[in-house]
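What follows is the residue order along each chain.
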Amino acid sequence: SQQGEEDPQALSIQEGENATMNCSYKTSINNLQWYRQNSGRGLVHLILIRSNEREKHSGRLRVTLDTSKKSSSLLITASRAADTASYFCASRGSEKLVFGKGTKLTVNP
Amino acid sequence: GAVVSQHPSWVICKSGTSVKIECRSLDFQATTMFWYRQFPKQSLMLMATSNEGSKATYEQGVEKDKFLINHASLTLSTLTVTSAHPEDSSFYICSASGGSVGELFFGEGSRLTVL
């Protein structure tokens with residue numbers, strides 16, 4: 001399968017807590033991206049981290065990348081109920097973007 | 001950011017008919033567009049890479065005669081599901097490459113239901 005793995009598959013937390021999602025990919029990459037998808041909707045691009053970067057921040061988001069382990073993590077700090085969605089990592093080689101299986105995050109108010 | 005528009009957003013059709021889905025880049029030119037399929041509660045699976053002016057490149061296991069892709073201009077790619085069957089019911093999403101390096105812009109998706 002072309003897809004990478006993400007864990008956990010589902011995560012339920014309380015508002016204000018931090019949420020950490022992990023992703024592994026299979027091939028060498030130029031960059032890795034994280035997307036968010038609300039139920040039945042399109043994708044929203046969250047953050048891109050290049051293969052020569054190890055960590056990147058954007059607002060309440062923090063992404064790390066370990067190319068030696070072919071893995072990445074997404075941390076959402078101080079979560080809000082509005083963060084409830086599915087989150088996908090996507091690894092990009094020369095052209096194609098290959099998605100992980102996703103983590104369904106539920107933030108309870 | 002750049003905008004990618006898909007049409008229709010949802011369609012219901014009878015088994016055996018063909019359905020065309022359009023993907024347009026509204027404010028940039030996209031030499032490459034990608035078509036994905038997403039089944040309920042699953043991730044996106046890349047179906048094919050659509051290149052303007054040339055034949056699409058299909059992923060392994062995707063029937064090129066069933067999923068016809070045409071990328072006739074730098075702003076439009078179409079996916080036609082031919083002789084649709086209930087198992088083709090899915091959420092189809094396109095994306096276009098443009099602007100900053102590495103970022104893809106996604107359409108809102110088209111939900112196909114085949115009766």
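Residues numbered from 1 in each chain as written. Chains lettered and ligands numbered in written order. Predicted model: local features only at pLDDT ≥ 70, side-chain atom pairs only at ≥ 80, totals over all residues. Heavy atoms only, no water.

*Asks:* Any chance you could explain the pairing of strand E7 (residues 61-66) of chain A here in plain terms?
*Replies:* Along any regular strand, the residues point their side chains to alternate faces of the sheet. Residues and elements named next belong to chain A. Because side chains alternate across E7, one face comprises the buried residues Leu61, Val63 and Leu65, and the other comprises Arg62, Thr64 and Asp66, none of which is buried. Strand direction decides the pairing type here: strand E6 (residues 55-58) and E7, joined by four bridges, are antiparallel. The partner of Glu55 across the bridge, within E7, is Thr64. Here six bridges tie E7 to strand E8 (residues 71-76), and the two strands are oriented antiparallel to one another. Bridging from a neighbouring strand, Leu61 pairs with Ile76 of E8. Between E7 and E8, which follow one another and run antiparallel, lie four residues, and Lys70 among them has a positive phi close to 55°. (Buried < 20%, exposed > 50% of the residue type's maximum accessible area, 1.4 Å probe, protein only. Helix = DSSP H or I, 4+ residues; strand = E, 2+ residues; numbered from the N terminus. Pairing = 2+ DSSP bridges.)

*Asks:* Is there a simple way to think about the nonpolar core in this case?
*Replies:* Core analysis: the biggest nonpolar cluster contains 26 residues, and Val4, Trp35, Tyr58, Phe67, Ile69, Tyr92 and Leu112 of chain B have the highest contact counts within it. Only strand E2 (10-13), strand E3 (19-25), strand E4 (32-38), strand E5 (44-51), strand E7 (67-73), strand E8 (76-81), strand E9 (90-97) and strand E11 (110-114) of chain B provide two or more residues apiece to this core. Tyr58 of chain B has contacts with Met47, Ala48, Lys64, Phe67, Leu68 and Ile69 of chain B, leaving out every residue within four places of it along the chain. With 21 residues, the next largest nonpolar core counts Leu11, Trp34, Leu65 and Leu105 of chain A among its residues. (Core = buried A, V, L, I, M, F, W, Y, C linked by side-chain atoms within 4.5 Å. Contact = heavy atoms within 4.5 Å.)

*Asks:* Even after reading the chapter, I still don't get the state of the cysteines, so can you show me in this structure?
*Replies:* Such a bond, covalent and formed between the sulfur atoms of two cysteines, is termed a disulfide. For the structure on display, the rule yields two disulfides over all chains. In this model Cys23 of chain A forms its disulfide with Cys89 of chain A; the gap between the sulfur atoms is 1.9 Å. Judged by the torsion about the S-S bond (70°), the Cys23 of chain A/Cys89 of chain A disulfide is right-handed. In this pair, Cys23 of chain A is assigned in strand E3 (residues 19-24) and Cys89 of chain A in strand E9 (residues 85-92), connecting sequence segments 66 residues apart. Residue class for Cys89 of chain A comes out buried when judged on its relative accessible area of 3%. Linked covalently through their sulfurs, Cys23 of chain B and Cys94 of chain B form a disulfide whose S-S length is 1.9 Å. An S-S torsion of about 80° defines the bridge between Cys23 of chain B and Cys94 of chain B as right-handed. One end of the pair, Cys23 of chain B, is in strand E3; the other, Cys94 of chain B, is in strand E9, and 71 residues separate them in sequence. (Disulfide = S-S within 2.5 Å.)

*Asks:* Would you take a moment to explain the interface of chain B and chain A for this structure?
*Replies:* The accessible area lost on association of the parts is a frequent measure of interface size. Taken together, the 23 residues of chain B in the interface contact 21 residues of chain A. Both sides together, the interface formed by chain B and chain A hides about 1,800 Å², and carbon and sulfur atoms give 50% of it. Summed over the shared surface of chain B and chain A, the result is six residue pairs in polar contact (both at pLDDT 80 or more). A class-by-class count of the residues in the side of chain B that touches chain A yields 10 nonpolar, nine polar and four charged. (Buried area = accessible area lost by both parts, 1.4 Å probe. Polar contact = N/O pair within 3.5 Å; in protein donor to acceptor, adjacent residues only side chain to side chain. Nonpolar A, V, L, I, M, F, W, Y, C, P; charged D, E, K, R; others polar.)

*Asks:* What's the story with the pattern of salt bridges in this structure? I'm lost.
*Replies:* A side chain of one charge can pair with a side chain of the opposite charge if their charged atoms are brought near each other. By the definition in use, this model includes seven salt bridges over all chains. Between Arg41 of chain A and Glu108 of chain B there is a salt bridge, with its nearest N and O atoms 3.1 Å apart. With one member in each of two chains, Arg41 of chain A in the loop between strand E4 (31-37) and strand E5 (43-50) and Glu108 of chain B in the loop between strand E10 (104-106) and E11 form a pair that bridges those chains. Residue class for Arg41 of chain A comes out partly exposed when judged on its relative accessible area of 46%. Note on Glu108 of chain B: relative accessible area 41%, which makes it partly exposed. Residue Glu53 of chain A pairs with Lys56 of chain A through a salt bridge whose shortest N-O separation is 4.0 Å. (Salt bridge = Lys/Arg side-chain N within 4 Å of Asp/Glu carboxyl O.)

*Asks:* Looking at this model, I keep getting lost on a nonpolar patch on the surface. Mind explaining?
*Replies:* Residue and element names in this part refer to chain B. Among the surface-exposed residues, Trp10, Ile12 and Leu115 lie close enough to one another that they form a single nonpolar patch of about 400 Å² accessible area. Looking at the secondary structure, you find Trp10 in strand E2. Relative accessible area serves as the criterion here: at 60%, Trp10 is assigned to the exposed category. (Patch = residues over 30% accessible without salt bridge, like charges linked within 9 Å, V, L, I, M, F, W, Y side chains within 5 Å. Areas by Shrake-Rupley, 256 points an atom, 1.4 Å probe, with all protein chains shown as cover.)

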